[in-house]
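# Coordinate inspection notes
So the chains spell out like this:
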2 protein chains.
Amino acid sequence: MSRDGHFLALAGGVGGAKLANGLTQVLAADALTIVVNTGDDFEHLGLHVSPDIDSVTYALAGLNDPVRGWGLAGESWNAMRAVARLGGPDWFALGDHDLATHLLRSQRLRAGETLSQVTAAFARRLGIGHRIVPMSDDPVRSVVDTDEGPLPFQDYFVRRRCEPAFRGIGFDGIADARPAVGFLDALADPQLRAIVLCPSNPLLSLRPILSLPGVDERLRARRVPVVAVSPFVGGDAVKGPAAKILRELGVPVTPEGLLSFYDGLVDALVVDACDADWASCSRLSALATDTLMRDPGDQARLAREVLAFIDDLPGRSAGA
Amino acid sequence: MSRDGHFLALAGGVGGAKLANGLTQVLAADALTIVVNTGDDFEHLGLHVSPDIDSVTYALAGLNDPVRGWGLAGESWNAMRAVARLGGPDWFALGDHDLATHLLRSQRLRAGETLSQVTAAFARRLGIGHRIVPMSDDPVRSVVDTDEGPLPFQDYFVRRRCEPAFRGIGFDGIADARPAVGFLDALADPQLRAIVLCPSNPLLSLRPILSLPGVDERLRARRVPVVAVSPFVGGDAVKGPAAKILRELGVPVTPEGLLSFYDGLVDALVVDACDADWASCSRLSALATDTLMRDPGDQARLAREVLAFIDDLPGRSAGA
């Protein structure tokens, strides 16, 4: 089992952050690039908020709140209470500690730094050695098409708590957005060993990344395995609205349903042990294991299993 | 003793806020305009911070911290700790609750509202009936001339804790700054009864207001008494760097020293009982009383005494 080569992980927020954190425990800093969705970035209270980048950064820094599942451990909410007192919008909860991230990021972006630069600076400052790269430094804004009409992502996701029925998703700005340099570097890396689709929502979190101009072509052109880790466990999603959304689209909440979003891009799939039956008769290479990541130990264990699975893949991986 | 007419109070931060709050307890909402210094406003962490306006607003809302003397009661400092963790500047302490004010103000200013509008909206929201008016909606930035060269106000005042020797003060932008409409309205009010210079620093807090184009002329043209309340008590300042600054300028920390900054503008002076000797032989009308304001009761008591003193003034006030 070799750890040579570079791994590219594509991640959304919570679930993606967990596996990404596991990978950092198993792979050297220069052997991994984590590219993170920015489709759910938005401006709030005049601040640039990047929820998925922050989830990944906080997880890798060991600062995330594992109970709440998002944001920082030991968070307080006094600023939000004071915002409400002044009649401001408090539907999107920005914690007091978390606010520092948004304040400093917004200030640096306004001063001309790229999101990649700010993300890297914060990661360095928090002692993170591995590369966290926003999918793009250009603005991409996910818009959810619902039975009540189009809703900006956070309006759908947080303000409306995913209640409107999901019809589809689009990405404002995507046609003019370039993949971030760090993303392109990883895609072009001669040492690229595999691409891991973390257990994030395939539509809300991974599709924005895969929809960036040139990304899908580049991923397919690389002769390295693309391995997806399923966010589903026995017909439900571990967290978040994925299961509800799939049902609204008439797509089964199964490994097969997951694959339907990737249009042949995925070479191999890691599914939960609950879906072992599916794995045993899959036409794809498949690994069935415990995909629940309750703590950093679980995260590292799953990361190790995913990498071992990649090492054992037949065909394309051997030729890479 | 009559309470007819309109009163115009000019105020800086802490001491000014205290007397302003006393005046609101004694005067009806439509009988008082409080014009507040904005020379110490600045941009910090990408936010528009208006320290003196906030001091006055928080005091009038009963939300100020009377022990610390600035900011909000029950404040927490988690955002600042997180700013420091990310390597950001933490020399200017923005409390978690206080941040809400700066966030919402900055957002509204960027959206095109004036500082007057935002200030009025926050006051309304916090249940304040009296008018709080920034001296100008145009940017004025105090710059302190020190023995180490010029320093932006908050660099001098907070970051350097007033340690460099004070040589003078200038106001960037003042030549192009118009007094706020609410200020001009009060100056032009036919019912204007008196102008009160609150016990704020004469150079740092009141001079910016008095230096706005047209303000000094308008004040002198009105035939109403201008009454200053001294911020000095027996050769020292109640709070802040005023005494240190006066010594560095070679000006005595006395009522006479205070008057030297106002160039004949002031008709009558309220001094502390410690300075009763000066008051008794003053060429100006003078009232000596306890000027320390320990609590809202003290503030109302002093406000009542100031207004009674104005009612009893000879000459100009009778002709107004």
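Residues numbered from 1 in each chain as written. Chains lettered and ligands numbered in written order. Predicted model: local features only at pLDDT ≥ 70, side-chain atom pairs only at ≥ 80, totals over all residues.

Take the overall build of chain A next. A tally of regular secondary structure across chain A gives 14 helices and 14 strands. The C-alpha atoms of chain A give 19 Å as radius of gyration, which agrees with the globular expectation for 320 residues (20 Å, within 12%). Summarising its shape, the C-alpha atoms of chain A cover approximately 60 × 40 × 40 Å along the three principal directions. Every one of the 320 residues in chain A was classed for burial, and the buried ones make up 50%. (Helix = DSSP H or I, 4+ residues; strand = E, 2+ residues; numbered from the N terminus. Rg over C-alpha atoms; globule rule 2.2 N^0.38 Å. Buried ≥ 20, exposed ≤ 12 C-beta atoms within 10 Å, placed from the backbone.)

Residue and element names in this part refer to chain A. Neither face of strand E10 (residues 226-229) is exposed, since Val-226 and Ala-228 on one face and Val-227 and Val-229 on the opposite face are all buried. Pairing of strand E9 (residues 192-197) with E10 involves three bridges; the strand directions are parallel. The residue bridging Val-196 from the neighbouring strand is Val-227, located in E10. (Pairing = 2+ DSSP bridges.)

Another aspect to go through is the nonpolar core. By size, the foremost hydrophobic cluster in this structure holds 182 residues, and its most contacted members are A:Ala9, A:Ala20, B:Ala9 and B:Ala20. Residues contacting B:Ala9, with those up to four places away along its chain left out, are B:Ala20, B:Leu23, B:Leu32, B:Ile34, B:Val196 and B:Cys198. (Core = buried A, V, L, I, M, F, W, Y, C linked by C-beta atoms within 7 Å. Contact = placed C-beta atoms within 7 Å.)

This part takes up the sheet that holds strand E8 (residues 166-172) of chain A. Whether parallel or antiparallel, the strands of a sheet pair through hydrogen bonds between backbone atoms. Residues and elements named next belong to chain A. What the three strands build is an open sheet, ordered E7-E6-E8; its pairing is antiparallel. Only two strands of the sheet have a single partner each, and these edge strands are strand E7 (149-152) and E8. Put simply, the sheet's adjacent strands are angled 30° from each other on average, direction ignored. With four bridges connecting them, strand E6 (residues 141-146) and E7 associate as antiparallel partners. Along E7, the bridge assignment pairs Asp-145 with Pro-150. Against the sheet, helix H8 (residues 202-211) makes contact with E6 and E8, and its axis sits at roughly 40° relative to E8, the strand it touches most. (Axes fitted to C-alpha atoms, helices over the stretch in contact; angles between N-to-C directions.)

When chain A is fitted to chain B, the residual RMSD is 0.0 Å, and the transformation amounts to a turn of 180° plus an axial shift of 0.0 Å. The superposition of one copy onto the other is thereby described by a two-fold rotation axis. Ranked by how close their C-alpha atoms come to the rotation axis, the residues of chain A are headed by A:Asp96, at 3.0 Å. Same-surface contact between copies: 100% of interface residues of chain A are shared with the interface of chain B. (Least-squares fit on C-alpha atoms with pLDDT ≥ 70 in both.)

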